[in-house]
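Summary of structural features
Single-letter residue listing:
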Amino acid sequence: MAKLYFQYSTMNAGKSTLLLQASHNYRERGMDTYLITAQFDNRAGKGRIASRIGIGEPADTFGIGEDLYSKIQARLEKSAIACIFIDEAQFLTKDQVWQLARAVDDLGVPVMAYGLRVDFQGNLFPGSAALLALADEMREVRTICHCGKKATMVIRTTDDGTVLTSGAQVEIGGNERYVSLCRRHWREKTGDQTPD
Ligand SMILES: [Zn+2]
């Protein structure tokens with residue numbers, strides 16, 4: 001039975017590396033995979049999944065409002081696919097996560113989604129909220145805070161290290177940096193206020 005998988009973590013845990021390795025394992029055995037990542041500009045289809053350790057693969061992209069069931073169905077009509085990999089899954093809409101669930105159930109193809117659980121204010125991303133609700137299998141990709149505890153939160157800072165506590169959930173192409181922390185150190189850095 002095909003399943004919908006969600007692998008979640010905070011920033012810089014190596015999700016893209018794991019995605020690329022898992023896809024490679026299929027391809028090494030002669031099975032094709034279909035890679036999709038978020039479309040951050042208007043170049044539909046021209047995406048790339050890259051990891052911080054220096055490996056990368058070209059990928060198709062999903063845009064806001066795009067029907068992923070139809071997209072997957074169209075791809076499967078061309079040739080067989082053993083598994084679909086979605087990177088930056090936090091940017092999916094709730095509708096798109098349901099479309100992935102339908103693709104798993106009705107087209108019989110496994111979908112492995114990789115994404116961030118919470119944003120820099122400690123709020124669930126919409127795509128991650130829907131995946132946490134709908135996924136058949138979930139796994140946390142672990143990374144650690146500077147103190148050695150598991151990092152589950154992320155702060156956004158400016159180049160000079162000032163911690164930002166407000167602003168848009170998604171800041172594409174900005175100069176902000178992200179640091180993953182345990183919750184205690186995240187509270188310390190953000191002033192220990194309950195986020196909006
Ligand atoms: Zn810590």
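A brief structural summary. Being a predicted model, the structure only gives us computed values, none of them experimental.

1. A word on the sheet that holds strand β6 (residues 111-116)
- Judged by pairing direction, the sheet is mixed, and its 7 strands sit side by side in the order β3-β4-β2-β5-β6-β1-β7 without closing on themselves. Each of the sheet's edge strands pairs with one partner strand only, and the pair in question is β3 (47-50) and β7 (137-140). Strand-to-strand twist in this sheet, taken as the mean axis angle between neighbours without regard to direction, amounts to 30°.
- Of the strands in this sheet, β1 (4-9), β4 (56-62), β5 (83-86) and β6 touch helix α3 (residues 94-107), which is tilted by about 140° from β1.
- Sheet strands touched by helix α4 (residues 126-134): β1, β6 and β7. Its angle to β1, the strand with the most contacts, is close to 130°.

2. Points about the coordination of the zinc ion
- All of the protein donors around the zinc ion are C145 (SG), C147 (SG), C182 (SG) and H185 (ND1); their distances to the metal are 2.0 to 2.3 Å.
- Considered as a linear motif, the donors of the zinc ion on their single chain read C-x1-C-x34-C-x2-H. Of this pair, C145 sits in the loop between β7 and β8 (153-157) while H185 sits in helix α5 (residues 183-190), and the two are 40 residues apart along the sequence. Each member of the pair, C145 together with H185, is buried.

3. Focus on the pattern of salt bridges
- Under the criterion given, the structure shown has 8 salt bridges.
- For K71, the salt bridge is made with D60, and the minimal N-O distance between the two is 3.5 Å. Of this pair, K71 sits in helix α2 (residues 68-78) while D60 sits in strand β4, placing them 11 residues apart in sequence.
- On the accessibility criterion, K71 (14% relative accessible area) is buried.
- Among the ionic pairs, D192 bridges to R187, the shortest N-O distance being 2.8 Å.
- We classify D192 as partly exposed; its relative accessible area is 44%.
- Three or more residues are tied together by salt bridges with common partners; here these are D60, E66 and K71.

About the criteria used
- Residues numbered from 1 in each chain as written.
- Predicted model: local features only at pLDDT ≥ 70, side-chain atom pairs only at ≥ 80, totals over all residues.
- Heavy atoms only, no water.
- Pairing = 2+ DSSP bridges.
- Helix = DSSP H or I, 4+ residues; strand = E, 2+ residues; numbered from the N terminus.
- Axes fitted to C-alpha atoms, helices over the stretch in contact; angles between N-to-C directions.
- Contact = heavy atoms within 4.5 Å.
- Donors = N, O, S within 2.8 Å, 3.2 Å for Na, K, Ca; no water.
- Buried < 20%, exposed > 50% of the residue type's maximum accessible area, 1.4 Å probe, protein only.
- Salt bridge = Lys/Arg side-chain N within 4 Å of Asp/Glu carboxyl O.

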